[in-house]
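Structure assessment
These are the residues of each chain, in order.
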Amino acid sequence: MSSTIRKTMPVITATAVLWIVLVFTQKTFLFKNADLSLFLFDWNFLKESFLVPGGFLGWAGSFFTQFLYIPWLGALLWTILLMTAGILTVRILKIPESLSLLAILPIALLVIANMSLGYGIFIQRVQDYFFAPTLGYLLMLAVMAAAWNAQKGWHTAVILTVSAFAGYVLAGIFALAGVFAAGIGLASDCGRKNRDRIIAPVLSAALCIIAPLLLYGLYTRYRIADSWTMGLPTVSDDQWTAAVRLPYHILIVITSAFALAKGFFARTGSDKRHRLPLQAGIAAVAIGSVVLFWYKDENFRTELEMSVAADNFDWEKVTDIYRNASERHLNKEKKAYGKRQTELKAVQDASVYNDILKEYEDRFFEPTRLMVMLRDLALLKQDKALDMAFRLRDGGRSQKSRTQIPMAFQAARQLYLNYGLINMEYRWCLEDQVEHGWCYGTLKYMAMHAILMNETEFAAKYLDKLDKTLFYRKWSRSQRPLSADSLAMSKALPYREIIPYMSFDDRMSNDRVKVETYIMKHFLEERDKQATHQFDCAALLWAMRSQNIPMFWKALSQYIDTATEISLPQSVQEAIILYSSLENTDMGIEVSKKVTDSYAAFQKYIQRSGFRSEKEASFPMYLRFGNTFFYYYYFVRGLQTF
Amino acid sequence: MKRTALYIAALLLTACSGKPDENAVKSNENIRIFPDYTDVVLPRNIAPANFMIDNEADAYFTIISNGDIKVEKKGRKVCFSKSEWNSLTDCCGSSIQIQVYTETDGQWTSLAPFSISLSDDLIDRYITYRRIPVAVEAYEVLDLCQRDITNFKEKIFFSNTMVQDNSNGTCVNCHHTGNYSAGKMQFHVRQFKGGTVLYFDGALHKVNMKTDSTMSAGVYPSWHPTHDYIAYSNNKTHQSVHAMSHDKLEVIDEENDIILYNIRENAVSPIETDSAELECFPGWSADGRTLYYVSAHYDAPFGPDRKNRIFIDREQLHFNLYAKPFDPDTRTWGPHYLVYDAAAADSSMTWPRLSPDGRYLMSVISTHGVFPLDQIASDLFLFDFKKGTARRIDEINSPYAESYHVWSSNSRWVMWSTRREDGVHTRLYFSHIDDDGHFSKPFALPQKDPEFNRSFLYAFNIPEFMIEPITVSAREFAAFIANTDAVPAAFESKRETNEKGELITTDYRVDGRTGASQLEYNDGEMYLH
């Protein structure tokens, strides 16, 4: 095996493994990244990218990101680029065979930056963050290679100057980092004249300061103070932005350090002492960091999967994903429960008792509110909500993220659209695009809004944009006839499933960035005389969700009014018997014996069980009564929504 | 293989020779172009009226002529070079004739020709506007732009992105000039680094017009034509989303007043502050001796419920047009009087703008409220003081919202923002007014790429004409705004006479409200001004 192959083998192996991992475990995450980006085959789209330094990098990045629509293909492109970056790192920085694994450090940092973002994908503020930094790193290496390969001192100076100015315009900070690292590398190059070894780093440092200052006059899109961060990803949270950028800062520092160590690498090239421990150490750092920082929250993954299925109006799949997620670890949960109870039995002190409960909290499944919202929506669309919604597990676990991303930025458009609240959907499409830029998803939802409202010219605006995309063109063309034909639209999916929910009068409203409470309030308080049965089903579901007894009776009566056949679902019967019992009234509605028996069993079990708190009782009660409304009423309480 | 090559070559040749011959068939099919420049009146100094042909065909050929000058264009997009356009518009003929041919399946067809009339009334060379993303509460990029409308050069003279950071947003709005001059300008900066930025006497100033006795800083401005005053409205604005309507948004002022800002003394004084009236949109007459404004009567009690109440009552808010005499030398006001009772017709009048020749007052009329931009029913309305007529300007109104009109300095052109193209994105349109007070067919601001208005996802609002370019650079504005604190304005009392001309003392009270901040974000609700 040649030395070159031996040196690049770790990079090739690492990227191949990465591709397999991405394809088998991150398909939805990759797809969602594509859905949140935008690339148009349009001259103006390219021109707009030049409004900020590094914008071209974003444009080029978003070109590649669109291929994540086909996750294996997008992942393949990314891993090929990473592999190229790794191989070029070895070659340009002359990394010796004994330290060849150093080349996977930049790859690891680029992987960490993308795969640690988690909920941050919903608040990114750049045109592209997935591919752009990888391309930026490649450009950085190219600048170094060009400067180092120049034969004469003045050639180097020209290359550095052009790279600083033109490179900054195209790739922002990555070009400057390349210039800086090139200068450092030249300083440590013993083969060069002393004069060049002094001038080059001084020139490169000066260019890194001067180029952004001189070029600032061409731009109006950022503050002068931000000149040295252009091209780096940004999210709409300052602290999070600092965290998002950290891997890139480390990448620049490491690459500059490699450039500085070029001479040292050349000297240690054939030194095979300590080779194995050194390589093992580097591998451990790289792999360990990737594993450590890779965002692995299961609820996040489930939310993404449900959200993508909901975007495709595949309601059965939405429900299946939820059911699988909630039942996947039932055996593990049972074991954890047994262990926890053993520990709790031995404890008398209240604070220790609470500590144990808290310690075990994460071992039990609890959905986020968005998961519950999407599940309920899917059940409603399948006309199963009043049967099924309270038989599945419930809850309101917080997002595992630096800050809670409001549901409005995650899913307002799909929730509002499908509940028929289409002006609110329009509003959040707009707010989202202003805050985080246009993406395929937003354009699609804006078009659907306009089509539902029979606003043909307005729909055309967004369909025209989607016509200029690679993967959404087909969808756009399928919608165009519907935008001009309201009758055909009203019979086509998804519109025919949305229109029944639009059975309410216009009124002024503001959701105050609280999607769930707004939808609940809408169904509980804003029923008009033209309400359809679908509207009343949703209203009854939300009344049961609210655990508000008068609201339930009101919604039930409306539900019965618009029902064609009255066969009350089991959960509704359970609510009737529970609320009648709590209010000590008889509403005269017949409830099946099965439900009556179940309620009696529930009451009996509650009285006999020796649990010290609701929290402790929650899981065992779920195992026995988790498929009843009684359980929901007593054990799913105090939820927070964002 | 040879045959295929020949076939391809023949196809290419056919494609390249795309020009109609004498066999072209005449068609009654109407020509559809975008933007629609058919039968419009253009000023001779306007930028090339590039357009694209919407009729479906395989190939297009257009002949544009004026007298002896003839220009031929191939393709769906008809775009002119500067010299071509100048030769067409500078020549003696009073109109440009345009003949479009289309080719479908090898057959050329001539569509019905159309013409563009050329007016010798030149239009002011520059316009300014705010370029803004369509949104409800959020904003990220707000550009104040100046465009040379004799060509396609656009300059961002200030953008909020040059001042705001990731967590401190800055809003900019209401760029306005005195007498169309670049030497007298103002715009507002809200929130981060906020204040009203004024440029006069060759220097920049930043002022905080919110005083203990006014409800807000100045909002909608009108620069006095002869003296160094600016009349402003004070607004306490809220907005809410229509749950189910083509009108997506409702913007309502909970409170309004009108104030006068004395530039030299950096002082504000009240003009109209009746607590039962919502006074807004001041607009000076050409001689500066009358201030027009609109006002709606609303006497719901002040308190926490007023905001919700006013949204419920929104359809009862009818703004009438009023006038108030003013002596600019003594800064003395006369009693106001009703000019147009819009409420009597269940309408609402806003944005009164007087032509510089003093003959016309143009306003917006809609069904209710103070924010016509978001009402599909908003139309332009004209008072012709010479003829003594008042009318809806049907010849330029569209089924969508018209708003924010402004007169050119020679009173011959009107520019306004309209949503006629898609119902949502406001675009700038122009029309010429003849001696008889009749407007020509509206035309869109020419763009280099005729498809621009269709594809661009930003909106244009608050346009202004200017006769000279802005000399302050974006960088200068940004450095000044970022590094300068707003100077608080002083508060002065008002001098006013009654119907008999006697000077009266006003027991001044700004609707009983003080201490309102300029712009707040409170629990998801944006107070705009």
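Calculation criteria
- Residues numbered from 1 in each chain as written.
- Chains lettered and ligands numbered in written order.
- Predicted model: local features only at pLDDT ≥ 70, side-chain atom pairs only at ≥ 80, totals over all residues.
- Helix = DSSP H or I, 4+ residues; strand = E, 2+ residues; numbered from the N terminus.
- Buried ≥ 20, exposed ≤ 12 C-beta atoms within 10 Å, placed from the backbone.
- Contact = placed C-beta atoms within 7 Å.
- Domains from an automatic or database assignment.
- Pairing = 2+ DSSP bridges.
- Axes fitted to C-alpha atoms, helices over the stretch in contact; angles between N-to-C directions.
- Expected span 1.5 Å × (residues − 1).
- Parallel < 35°, antiparallel > 145°, perpendicular 65-115°, else oblique.
- Left-handed = near helix turned anticlockwise from the far one by under 90°.
- Nonpolar A, V, L, I, M, F, W, Y, C, P; charged D, E, K, R; others polar.
- pLDDT = per-residue confidence, 0-100.

**Some points on the overall build of chain A**
When helices and strands are counted, chain A shows 33 helices and one strand. The principal-axis extents of the C-alpha atoms in chain A amount to approximately 100 × 70 × 45 Å. Looking at chain A residue by residue over its 642 residues, the buried ones come to 50%. For chain A, the share of sequence-separated contacts (at least 6 apart) that also reach a separation of at least 24 residues comes to 72%.

**Some remarks on the domain arrangement of chain A**
Domain assignment breaks chain A into domain 1 (3-293) and domain 2 (571-642). With centres defined by C-alpha atoms, the gap from domain 1 of chain A to domain 2 of chain A works out at 57 Å.

**Quick word on the domain arrangement of chain B**
Residues and elements named next belong to chain B. The assigned domain composition of chain B is domain 1 (22-119) and domain 2 (126-488). Computed over C-alpha atoms, the centres of domain 1 and domain 2 are 36 Å apart. Of the residues lining the interface, 20 residues belong to domain 1; the matching set on domain 2 comes to 17 residues. Residue contributions to the side of domain 1 that touches domain 2 peak at three residues, all from strand β3 (residues 41-43).

**Some thoughts on the sheet that holds strand β30 (residues 389-392) of chain B**
Residue and element names in this part refer to chain B. A sheet is described by the order of its strands in space; here four strands give the open sequence β27-β28-β29-β30, paired in antiparallel fashion. Each having just a single partner strand, β27 (348-354) and β30 make up the two edges of the open sheet. Between one strand axis and the next, the sheet turns by 25 degrees as a mean value, whatever way the strands run. Of the pairings in the sheet, the one linking β27 to strand β28 (residues 360-366) comprises five bridges and is antiparallel in character. Bridge assignment links Thr 350 to a residue of β28, and that residue is Val 364.

**Regarding the environment of Gly 441 of chain A**
All names here are of chain A. Its place among the elements puts Gly 441 in helix α22 (residues 440-452). When the 22 C-beta atoms within 10 Å are taken as the criterion, Gly 441 is described as buried. Residues Gly 441 and Lys 94, 347 residues apart in the sequence, show an inter-C-alpha distance of 44 Å. Once residues lying within four places of it in the same chain are set aside, the contact partners of Gly 441 are Asp 35, Leu 36 and Asp 311.

**Topic: the environment of Thr 237 of chain B**
On the secondary structure map, Thr 237 of chain B appears in strand β19 (residues 229-242). Residues Thr 237 of chain B and Glu 272 of chain B lie 35 residues apart in sequence; the distance between their C-alpha atoms is 18 Å.

**Points about helix α21 (residues 422-436) of chain A**
Residue and element names in this part refer to chain A. The terminal C-alpha atoms of α21, which comprises 15 residues, lie 20 Å apart, in line with the 21 Å expected from a rise of 1.5 Å per residue. Among the 15 residues in α21, 13 count as buried, and that is most of the element. Looking one or two residues past α21, Gly 437 carries a phi angle of roughly 85 degrees, positive in sign.

**Points about the packing of helix α1 (residues 3-25) of chain A against helix α6 (residues 104-115) of chain A**
Helix packing geometry: the angle between the two helix axes and the distance between the axes. Residue and element names in this part refer to chain A. Running from N to C, α1 and α6 point in directions that differ by 20 degrees, and their axes come no closer than 10 Å. Judged by the angle between their axes, α1 and α6 are roughly parallel. Considering the relative orientation of α1 and α6, their crossing is right-handed. On α6, the residues that touch Pro 10, Val 11, Ala 14, Thr 15 and Leu 18 of α1 are Ile 104, Ile 107 and Val 111.

**Some details on the interface of chain A and chain B**
On the side of chain B, 38 residues touch chain A, which itself brings 36 residues to the contact. For the side of chain A that touches chain B, the element with the most residues is α21 of chain A, which contributes eight residues. Here the side of chain A that touches chain B is built from residues that sort into 13 nonpolar, nine polar and 14 charged. Both strand β1 (residues 508-509) of chain A and β19 of chain B contribute to a ladder of two bridges, which runs antiparallel. Bridge assignment links Met 508 of chain A to a residue of β19 of chain B, and that residue is His 242 of chain B.

**Observations concerning the pairing of strand β10 (residues 114-119) of chain B**
All names here are of chain B. Alignment of β3 against β10, held across three bridges, turns out to be parallel. In the sheet register, Pro 43 faces β10, and the bridge partner there is Ser 119. Direction of pairing for strand β8 (residues 95-104) relative to β10: antiparallel, over a ladder of four bridges. Residue Ile 96 lies in a different strand from β10, and its bridge partner there is Ile 116.

**Examining the packing of α1 of chain A against helix α5 (residues 71-92) of chain A**
All names here are of chain A. Where α1 meets α5, the closest approach of the two axes is 9 Å, and the angle between their N-to-C directions is 160 degrees. Here α1 is positioned roughly antiparallel relative to α5, judged by the angle of their axes. When the axes of α1 and α5 are compared, the crossing they make is right-handed. Side by side, α1 and α5 meet where Lys 7, Thr 8, Val 11, Ile 12, Thr 15, Leu 18, Trp 19, Leu 22 and Val 23 of the first sit next to Pro 71, Trp 72, Ala 75, Leu 76, Thr 79, Leu 82, Met 83, Gly 86, Ile 87 and Val 90 of the second. Class assignment for the residues of the contact of α1 with α5 results in 14 nonpolar, four polar and one charged.

**Overview of the sheet that holds strand β14 (residues 170-177) of chain B**
The pairing of strands in a sheet comes from backbone hydrogen bonds and takes either a parallel or an antiparallel form. Strand order in the open sheet formed by five strands is β14-β15-β16-β17-β36 (chain B), with mixed pairing between adjacent strands. A strand with exactly one partner marks an edge of an open sheet, and here the two such strands are β14 and β36 (487-488) of chain B.

**Topic: the confidence of the model for chain B**
All names here are of chain B. Averaged over all residues, the pLDDT of chain B equals 90, while 92% of them reach at least 70. Segment residues 6-16: pLDDT under 50, and zero contacts once partners within four positions in sequence are set aside and those in other chains are kept. Below a pLDDT of 50 lies the segment residues 507-529, which in the model reaches 57 contacts outside its immediate sequence neighbourhood of four places, other chains included. Taken together, the chains of this predicted complex give a pTM of 0.92 and an interface ipTM of 0.90.

**A closer look at the pairing of β19 of chain B**
Residue and element names in this part refer to chain B. Of all 14 residues making up β19, ten are buried, and the element is well covered by its neighbours. Bridge analysis of strand β18 (residues 221-223) against β19 gives three bridges, and the strand direction is antiparallel. Paired with Ser 222 across the two strands is Ala 231, which belongs to β19. Remark: five residues form the turn of the hairpin made by β18 and β19, two consecutive strands paired antiparallel. Where β19 and strand β20 (residues 249-262) come together, 13 bridges link them in antiparallel fashion. Bridged to Ile 230 within β20 is Tyr 261. Counting the residues in the hairpin turn of β19 and β20 gives six residues.

**Brief notes about helix α30 (residues 570-583) of chain A**
Residues separated by three or four positions in an α-helix point in the same direction, a consequence of the helix having 3.6 residues per turn. All names here are of chain A. Between its terminal C-alpha atoms α30 stretches 20 Å, which fits the 20 Å expected from 14 residues at 1.5 Å a residue. Counted residue by residue, α30 has ten buried out of 14 residues, so it is predominantly covered. Taken together, the buried residues of α30 touch α19 (385-388), α28 (533-546), α29 (549-562), α31 (593-608) and α33 (629-635). Asn 584 sits one or two positions beyond α30 and adopts a positive phi of about 55 degrees.

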